[in-house]
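In case you want the letters, here they are:
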Amino acid sequence: MILLHGGRVLRPGSFTAEALDVVVDGDTIADLVPPDGVKGDGMQRLDARDRLVIPGLVNGHTHAQGHLAKGLFDRYTLELYLNGVPWATGRRTLEDKYLSAAIGAAEMVRKGCTASYDMFAEFPLPSVEGVGAVAKAYADVGMRASVSMMCADRSFFEAIPGLLDFLPPGLREAAAKIRLAPHQEAVAACRRVLETWSFDRDRVRPALGPTIPHHCTDEFMVGCRDLAREFAVGTQMHVGESKPQAVVAQMRYGKTLVAHLDSLGMLAPGFCVAHGVWLDDDDRARLADRGASIAHNPGSNLKLGSGIADMRRMLDANVNVAIGTDGTACSDNLNAFEAMRLGSYLSRVQGRGVEQWVSSREAFRAATEGGARALGFDRIGRIEKGYKADLVLLDLGALHYVPLNDVVNQIVSAEDGTGVDSVMIGGRMVLDRGRLTTIDLPRIRAQAEEAVVRLAAANAEQRALAEKLEPYVGQYCGGLAARPHPVHRFCGSESGG
Ligand SMILES: [Zn+2]
């Protein structure tokens, strides 16, 4: 038993942070008592004086494979990034997969995040060993995660109608050679991972991740739907992230991506849309009706120029909203505080009155309880008796809390991660007064420096091809993005829809 004493605790719905001691039994909050309400004889006492105890933030969307590729791209759209994926994340060894995931988990913990929804991609197919390496990295760092197997059975070039034909001869053949495994093999690979899962599902659980609807055949998506039902696991997909995706949906399906997914029976309480920038009211209503979630990734959407998702309309439609950072290859940091702040702030430049802005309380709720629900963990995201002891201790001496006027406003508007003092996950101190307790950071850093040099050489040919393809991808997808579309989601004048 642990007695966390002397802190101020942010309980759900109170928003004032009362002085309370927290009794932790194993991995669970056993009780919340007035200061010195229990003697704590025989308990391990942890000093939380001058600390604000909040539920750990939940990152609704990231990618373990991306963390060795951070900082590689600047002025890139999503489509330019997808063109670059084969070299940016290619030819990874099992150790690289573990390493990339561990770096990400360590950064998330350091910045106050205790659980994440991780779409981990492997080529050509998910493997027991590869997904296992990522799961082990999370388990070793001590973080909770849903690890979804991100895969597809169509290449990027097959997924976008007309793109292959737009390429000049020579490049067209090279791009056409990029082929993924057929859906039967992809479903079988996912099944193997689900059948052999050996990690404690309370800590690290598997999920499915048919990446983007039109990158997957209907047969593959239906196969994933059936696996999700059979193994009672969640599914996360990128849906309506960029405008070209919304345009391609009309070309391919004659309806929106969400309408198509609904017609396949994909939408369910365990289903989570990543992004959801290019959705209409009908899409949000369908997601709400099916009990599905949306992970809103405002930082990534800004960096890739994807648009601004309409969090207010998601909330108004009663869709469960989580907040995510996305992977570091396309938004470069894993700061869930920053993502939460952007989620709130961006709602303020969508041409609406202040009563429609996403308040700091709503943003905080999405980044904790909303994320918990999206990940499928039902006992995290709140500090309450019976919930998991996933706690972040913020230093009230950090200058952004001096003076302390309104706890939640200051967390959402001012916390940049520098106030994170300690992080407990499942009753275990994973970050103790600024020090990561579960990971050898200098070693990880040395391994990462070695890996990027080796991987750059191994992927040089792929990179050269991607760079030749890039102007054509940019031009073709830029043309798709310029087409008129009923959903407009850019700030300022185009904020209707
Ligand atoms: Zn993503």
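Residues numbered from 1 in each chain as written. Predicted model: local features only at pLDDT ≥ 70, side-chain atom pairs only at ≥ 80, totals over all residues. Heavy atoms only, no water.

(A) Region of the structure containing unusual backbone geometry. Of note, the bond from phenylalanine 123 into proline 124 is cis; its omega dihedral lies within 30 degrees of zero at 0 degrees. Of note, proline 124 is situated in the loop between strand 9 (113-121) and helix 3 (128-141). Note the cis peptide between valine 402 and proline 403, where omega equals 0 degrees. Turning to its location among the elements, proline 403 is positioned in the loop between strand 16 (391-395) and helix 16 (407-414). (Helix = DSSP H or I, 4+ residues; strand = E, 2+ residues; numbered from the N terminus.)

(B) Region of interest: the coordination of the zinc ion. Protein coordination at the zinc ion: the donors are His61 (NE2), His63 (NE2) and His238 (NE2), at 2.0 to 2.2 Å from the metal. One chain supplies every donor to the zinc ion, and in sequence these donors are spaced H-x1-H-x174-H. Residue histidine 63 is located in the loop between strand 8 (57-62) and helix 1 (78-88), and its partner histidine 238 is located in strand 12 (residues 234-239); the two are separated by 175 residues in the primary sequence. Here histidine 63 matches histidine 238 in class, with each residue buried. (Donors = N, O, S within 2.8 Å, 3.2 Å for Na, K, Ca; no water. Buried < 20%, exposed > 50% of the residue type's maximum accessible area, 1.4 Å probe, protein only.)

(C) Representation of empty space enclosed by the protein. One pass over the structure, following the stated rule, counts 3 cavities of 30 Å³ or more. The space that makes up the largest cavity amounts to roughly 60 Å³. For the largest cavity, the lining is made up of 12 residues, of which Ala246, Thr256, Leu257, Trp278 and Asp283 are closest to its centre. The set of elements that each furnish at least two residues to the lining of the largest cavity consists of helix 9 (243-253) and helix 10 (257-263). With 3 residues, helix 9 is the single largest residue contributor to the lining of the largest cavity. Split by residue class, the lining of the largest cavity holds 8 nonpolar, 3 polar and 1 charged. (1 Å grid on protein atoms, 1.4 Å probe; cavity = no way out; pocket = protein on both sides within 12 Å on 5 of 7 lines; lining within 4 Å. Points joined across faces, edges and corners; volume = space filled by probe spheres on them. Nonpolar A, V, L, I, M, F, W, Y, C, P; charged D, E, K, R; others polar.)

(D) Examining the packing of aromatic side chains more closely. Tallying each qualifying case throughout the model produces 6 aromatic pairs. When the centroid spacing of 4.5 Å and the interplanar angle of 35 degrees are considered together, the rings of phenylalanine 73 and tyrosine 76 count as tilted. Across the pair, tyrosine 76 and phenylalanine 73 agree in class, each one buried. Through a chain of ring-to-ring contacts, the aromatic side chains of Phe73, Tyr76, Tyr81 and Trp87 assemble into a single cluster. Positioned above the aromatic ring of phenylalanine 377 is the side chain of arginine 205, whose terminal nitrogen or guanidinium carbon lies 3.9 Å from the ring centre. For the cation-ring pair, arginine 463 lies above tryptophan 87, with the distance from its terminal atom to the ring centre recorded as 4.2 Å. (Phe/Tyr/Trp six-rings, centres within 6.5 Å; stacked < 30°, edge-to-face > 60°. Lys NZ or Arg CZ within 6 Å of the ring centre and 35° of its normal.)

(E) Here's a closer look at the pattern of salt bridges. Tallied over the full model, the rule gives 31 salt bridges. Residue glutamate 107 is joined to lysine 70 by a salt bridge in which the shortest nitrogen-to-oxygen separation is 3.7 Å. With glutamate 107 in helix 2 (residues 94-110) and lysine 70 in the loop between strand 8 and helix 1, this residue pair connects regions lying 37 residues apart in the sequence. For glutamate 107, a relative accessible area of 14% gives the class buried. (Salt bridge = Lys/Arg side-chain N within 4 Å of Asp/Glu carboxyl O.)

(F) Just the confidence of the model for the protein chain, in detail. Per-residue confidence for the protein chain gives a mean pLDDT of 96, with 98% of residues at or over 70. In the model, residues 489-497 has pLDDT below 50 throughout and makes 24 contacts with residues more than four positions away in sequence or in other chains. (pLDDT = per-residue confidence, 0-100. Contact = heavy atoms within 4.5 Å.)

(G) Highlighting the state of the cysteines. According to the stated counting rule, one finds 0 disulfides in the structure shown. In this structure cysteine 216 is not part of a disulfide, and its nearest cysteine sulfur, from cysteine 224, lies 6.8 Å away. Judged by relative accessible area, cysteine 216 falls into the buried class, the value being 0%. Left without a disulfide partner, cysteine 477 is nearest to the cysteine sulfur of cysteine 330, which lies 16 Å away. (Disulfide = S-S within 2.5 Å.)

(H) Region of the structure containing the sheet that holds strand 6 (residues 44-47). Read from one edge of the open sheet, 4 strands run 5-4-1-6, paired in mixed fashion. Edge positions in the sheet fall to strand 5 (28-33) and strand 6, since each has one partner strand and no second. Taking each pair of neighbouring strands and ignoring which way they run, the sheet shows an average axis angle of 25 degrees. (Pairing = 2+ DSSP bridges. Axes fitted to C-alpha atoms, helices over the stretch in contact; angles between N-to-C directions.)

(I) Region of the structure containing the sheet that holds strand 18 (residues 428-432). The 7 strands are arranged 3-2-7-16-17-18-19 in an open sheet whose pairing can be described as mixed. Lying at the two open borders of the sheet, with one neighbouring strand each, are strand 3 (18-19) and strand 19 (435-436). Relative to strand 19, strand 18 runs antiparallel, the two being bridged by 2 bridges. Its bridge partner being in strand 19, leucine 431 is matched across the sheet by leucine 436. Packed on one face of the sheet, helix 2 meets strand 17 (420-425), strand 18 and strand 19 and runs near 120 degrees to strand 17.

(J) Spotlight on the side chain of histidine 61. Mapped onto the elements, histidine 61 comes out in strand 8. In this structure the side chain of histidine 61 is engaged in a polar contact, spanning 3.2 Å, whose partner is the side chain of histidine 63. Not counting the four nearest positions on each side in its chain, histidine 61 is found in contact with Tyr117, Met119, Gln236, His238, Ala274, His275, Ala295, Asn297, Gly324, Thr325 and Asp326. (Polar contact = N/O pair within 3.5 Å; in protein donor to acceptor, adjacent residues only side chain to side chain.)

(K) Region of interest: the side chain of asparagine 301. Structurally, asparagine 301 can be placed in helix 12 (residues 298-303). With a relative accessible area of 1%, asparagine 301 lands in the buried category. Among the polar contacts listed, one links the side chain of asparagine 301 to the side chain of histidine 275, at a separation of 3.0 Å. What asparagine 301 contacts, discounting residues up to four positions off in sequence, is Glu241, His275, Val277, His296, Ser306, Gly307 and Ala309.

(L) Region of interest: the environment of alanine 88. Position of alanine 88 relative to the elements: it lies in helix 1. For alanine 88, a relative accessible area of 8% corresponds to the buried category. Separated by 295 residues in the primary sequence, alanine 88 and isoleucine 383 have C-alpha atoms spaced 39 Å apart. Other than its neighbours up to four places away in sequence, alanine 88 contacts Ala69, Leu72 and Phe73.

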